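Listed below, chain by chain, are the residues.
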Amino acid sequence: MFAKRTNWELTPNRVAGILEGYKSSGQKILDLTQSNPTCCGFVYPQDELLALLSMPASMRYVPSSQGLLSARQAVAAYYQSQNIAISPQQIFLTASTSEAYSFLFRLLANPQEEILFPAPSYPLFDFLVDLNDLKSSFYSLVYQGQWAIDLGELENHISVQTKAVVAVNPNNPTGSYITREELKHLNRMCQQNQLALISDEVFFDYAFDSSQRFVSCAANTDNLTFTLGGLSKTLALPQMKLSWIVVNGPTDIVADAIARLEIIADTYLSVNAPVQNALAAWMNYRPAIQEQIIRRVAVNRDYLINSFANYDAGTVLHADGGWYMIVKLLGGVDEEALAERLLLRDQVYVHPGYFFNFSEESFLILSLLPPESVFIEGVKRIIARVKSFNSSS
Ligand SMILES: Cc1ncc(COP(=O)(O)O)c(C=O)c1O
């Protein structure tokens, strides 16, 4: 009765079972996977944000395939604040970044063709690819003091089936931005093989060092490029469901891409009017919201780095931005068994590396968003557990 693409493994795994047990018994855990900003104790200008949702203009339905002009102007102003000139004509609004990916996959690839993704990276890609009847192929990010794209391997993975290369800038969970040099190589490979570049920049604003200048692909005119952003991270409002695609590249191909994308977006018209009408004024709260997150991320990150500084069982990998840090465990620890034991014995929930498609063991991925007290206690318990885990296994 059902399509093969929905033949997922639906039985809950052991970790889901343990979490369910805690939930039904009401026992609190220290959740260091928590990356839902609305659950992390940040103070939002709630009255102001909600008041802006009740604009009278929202009572009129104005179907617009790319999204309302005022909202697209607000997105263009966001890029202008980073000295990137984008016209509202180059912008499409979508209900989520995931929806933006789907629109682009429909635009670029026929069934069974391929999209190249980074690994390690964000675990939703497999589902997005399956749902669009595509295939995924992965290129590696390699760590040598910092993360870099294995450009040779990426090039080897390009075949006649490949239609687009996805870059996540900065990547989740490695926290690595694309360098200017890497972008130059990506552009060359895309041009030679007629590939589009898709750059997911939802975490772009969250650089650890604000004085460092990173490269946004929104300004990339050398190759057909789609840059994704959205409110789930930029305003830490994932529930408001608004993201965007910026289309850039050589003029002719951009015009063709926009004309085709317009039909796709027009078929769904999925972004609601109240959020679009609120967007320009909401963007004024960006500094107030982002400052809290940047401060929290800095405190938790410092604590993590200092805690592991004199500890030889694990090391914290270098990252430049985003909401996550990676701990590499030394001495051949079974990351999955450790994560399960942390949850069962210590009530600390962390993701093992395989969740983010790491090709080898042993890594733990920690969200930096939880309140400091939760994060610090969680890290203390991780360190204590890793010590006893190493000697017991
Ligand atoms: C790299 C990356 N892109 C996109 C998203 C999801 O964005 P949205 O909520 O807009 O679909 C996430 C969510 O964590 C993410 O990590």
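Residues numbered from 1 in each chain as written. Predicted model: local features only at pLDDT ≥ 70, side-chain atom pairs only at ≥ 80, totals over all residues. Heavy atoms only, no water.

## Description of the pairing of strand E4 (residues 135-143)
- Bridge count for strand E3 (residues 114-119) against E4 is six bridges, and the pairing is parallel. Counted as the bridge partner of Ile-115 is Ser-136 from E4.
- Pairing of E4 with strand E5 (residues 147-149) involves three bridges; the strand directions are antiparallel. By the bridge assignment, Leu-141 is partnered in E5 with Ile-149.
- Hairpin connection of E4 to E5: three residues between the antiparallel strands, including Gly-145 at a positive phi of 85°. (Pairing = 2+ DSSP bridges. Helix = DSSP H or I, 4+ residues; strand = E, 2+ residues; numbered from the N terminus.)

## Let's talk about the nonpolar core
- If you look at the biggest cluster of nonpolar residues, it comprises 90 residues, and the most contacted ones within it are Trp-244, Trp-282 and Leu-366.
- Counting the residues that make up this core, at least three belong to each of domain 1 (4-43 + 287-392) and domain 2 (58-285).
- Counting residues in hydrophobic clusters, the runner-up holds 31 residues, among them Phe-103, Phe-117, Phe-125 and Val-166. (Core = buried A, V, L, I, M, F, W, Y, C linked by side-chain atoms within 4.5 Å. Buried < 20%, exposed > 50% of the residue type's maximum accessible area, 1.4 Å probe, protein only. Domains from an automatic or database assignment.)

## Some details on a nonpolar patch on the surface
- A cluster of nonpolar side chains, namely Trp-8, Leu-10, Leu-124, Phe-127 and Leu-131, defines an oily patch on the protein surface of about 480 Å² accessible area.
- Mapped onto the secondary structure, Leu-124 falls in the loop between E3 and helix H5 (125-131). (Patch = residues over 30% accessible without salt bridge, like charges linked within 9 Å, V, L, I, M, F, W, Y side chains within 5 Å. Areas by Shrake-Rupley, 256 points an atom, 1.4 Å probe, with all protein chains shown as cover. Salt bridge = Lys/Arg side-chain N within 4 Å of Asp/Glu carboxyl O.)

## Overview of the domain arrangement of the chain
- Domain boundaries in the chain define domain 1 (4-43 + 287-392) and domain 2 (58-285).
- Just the C-alpha atoms count here: the centres of domain 1 and domain 2 sit 27 Å apart.
- Contacts between the two partners involve 29 residues from domain 1, matched on the other side by 36 residues from domain 2.
- Across the domain 1/domain 2 interface, buried area totals approximately 2800 Å², and carbon plus sulfur atoms make up 65% of it.
- Viewed at the interface, domain 2 and domain 1 are joined by one salt bridge.
- Taking the shortest distance from any N to any O, the salt bridge between Arg-5 and Asp-133 comes out at 2.7 Å.
- Per-element accounting of the side of domain 1 that touches domain 2 gives the leading share, eight residues, to helix H11 (residues 286-309).
- Grouping the amino acids of the side of domain 1 that touches domain 2 by side-chain chemistry returns 19 nonpolar, seven polar and three charged. (Contact = heavy atoms within 4.5 Å. Buried area = accessible area lost by both parts, 1.4 Å probe. Nonpolar A, V, L, I, M, F, W, Y, C, P; charged D, E, K, R; others polar.)

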